[in-house]
Structure formats: structure tokens, C-alpha cells
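Fold and contact review
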Amino acid sequence: MFWVRTFLSELHAWQWVGVLLARTAVGLLFFLSGRGKLFVRERREQMRETLLAAWIPFPDFNTVFVSTVEFVFGSFLVFGLGTPLACAMLGCVMIVAIATIAVRNIKASSPLGWLAEFLYLPEVLCLVTLLWIFLSGPGWFSVDHLILGHIRL
């Protein structure tokens, strides 16, 4: 049993790798998505049409606003800069996307089937990952850690 405890202790020392990979992957996903919507006319128009279909007010403004939030805070997340704020902003984008678009596309005949399809949504996975990063912190390999590491409270 001692070897299990030792193994788990050693494994715990490497948890920063998981946080780094999750933070970087989700950050890049948002950064690249926002970049496409901001700088590629077809992607921007597709986003605008999605917002119109979801009855989101001010679709022209919100297309640019949401795309900018994804682009800016996605890049923040990649570098681990302002991580709690980045997670909160991107989490809000995911909550709105889930509530207005993703849930409407679920076609299930039972509550268990609905739950399975809901949990299968990429927006839900992103939201859960953002919540985990928000609560656990950006890890030591981040700008936040570099800045806050020098501040002693």
C-alpha cells in the first residue's frame, strides 16, 4: 500500500501539466474562434446569423463583442494572465451559448437521454473546464504565477 501512496504523491506533483494543457487548449480554442469571427468575413456573418436565429439583441454589436471577448480572453487564458477574469468572461459566453442555442438543438425522448446529450455538448465541456481552471488557478507555469509569486500577502 505504501507504493500506491508514493505513486499518488508523485502524480500529484505533476498536476500542473494537466492545468497547463487544459488552460492552453481551451484558451487556443477561444482565441482561434474569436480570431476567425473577427477577421474572416464568412465566419463573422455566420456568427451574426446564429445570433439572429437565437433572438440575441443587437446582433451586429454582439457579433463583434463576443468575438472580441473570445479573442482577447482566449489569449489571456493561453498565457495564464488574469486567469480568473478570463475564465469568468469566457464562462459567460458559454452559458449564453448553452442557454440560447445549444440546448434548443437537443432532441431526446427521455430525461436521461437529454442529460446525456447535454453533457456531450462541447460548450458544456468548455464551461466545466473553465470552472476547474477558475477554482484551481492557472498553475505555476503562467504569467499570473510569475506576477503574484513576487507579491507576498
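Presented here is an overview of the structure given in this document.

On to the packing of aromatic side chains, then. In this description, an aromatic ring pair is defined by two values, namely the gap between the centres and the angle between the planes. With the rule as written, the count across this model stands at eight aromatic pairs. Relative to F141, the ring of W140 lies with its centre 5.6 Å away and its plane at 80 degrees, an arrangement referred to as edge-to-face. By the ring-pair criterion, three or more aromatic residues cluster together here, those being W14, W16, W140 and F141.

A few words on unusual backbone geometry. Positive phi outside glycine occurs at W55, with the angle close to 60 degrees. Of note, W55 is situated in the loop between α3 (41–53) and α4 (59–79). The exposed category is assigned to W55, whose relative accessible area is 75%. Positive phi values are uncommon outside glycine, yet F58 reaches one of about 50 degrees. Among the structural elements, F58 can be located in the loop between α3 and α4. What makes F58 exposed here is its relative accessible area of 63%.

Reported here for the largest pocket is a volume of approximately 680 Å³. Surrounding the largest pocket, 26 residues form its lining, K37, E70, V93, M94 and A97 being those nearest its centre. Only α2 (15–39), α3, α4, α5 (83–102) and α7 (122–136) provide two or more residues apiece to the lining of the largest pocket. When the residues that make up the lining of the largest pocket are grouped by side-chain class, the tally is 17 nonpolar, five polar and four charged.

Procedures and definitions
- Residues numbered from 1 in each chain as written.
- Predicted model: local features only at pLDDT ≥ 70, side-chain atom pairs only at ≥ 80, totals over all residues.
- Heavy atoms only, no water.
- Phe/Tyr/Trp six-rings, centres within 6.5 Å; stacked < 30°, edge-to-face > 60°.
- Helix = DSSP H or I, 4+ residues; strand = E, 2+ residues; numbered from the N terminus.
- Buried < 20%, exposed > 50% of the residue type's maximum accessible area, 1.4 Å probe, protein only.
- 1 Å grid on protein atoms, 1.4 Å probe; cavity = no way out; pocket = protein on both sides within 12 Å on 5 of 7 lines; lining within 4 Å.
- Points joined across faces, edges and corners; volume = space filled by probe spheres on them.
- Nonpolar A, V, L, I, M, F, W, Y, C, P; charged D, E, K, R; others polar.

Nothing here speaks to function; it is geometry throughout.
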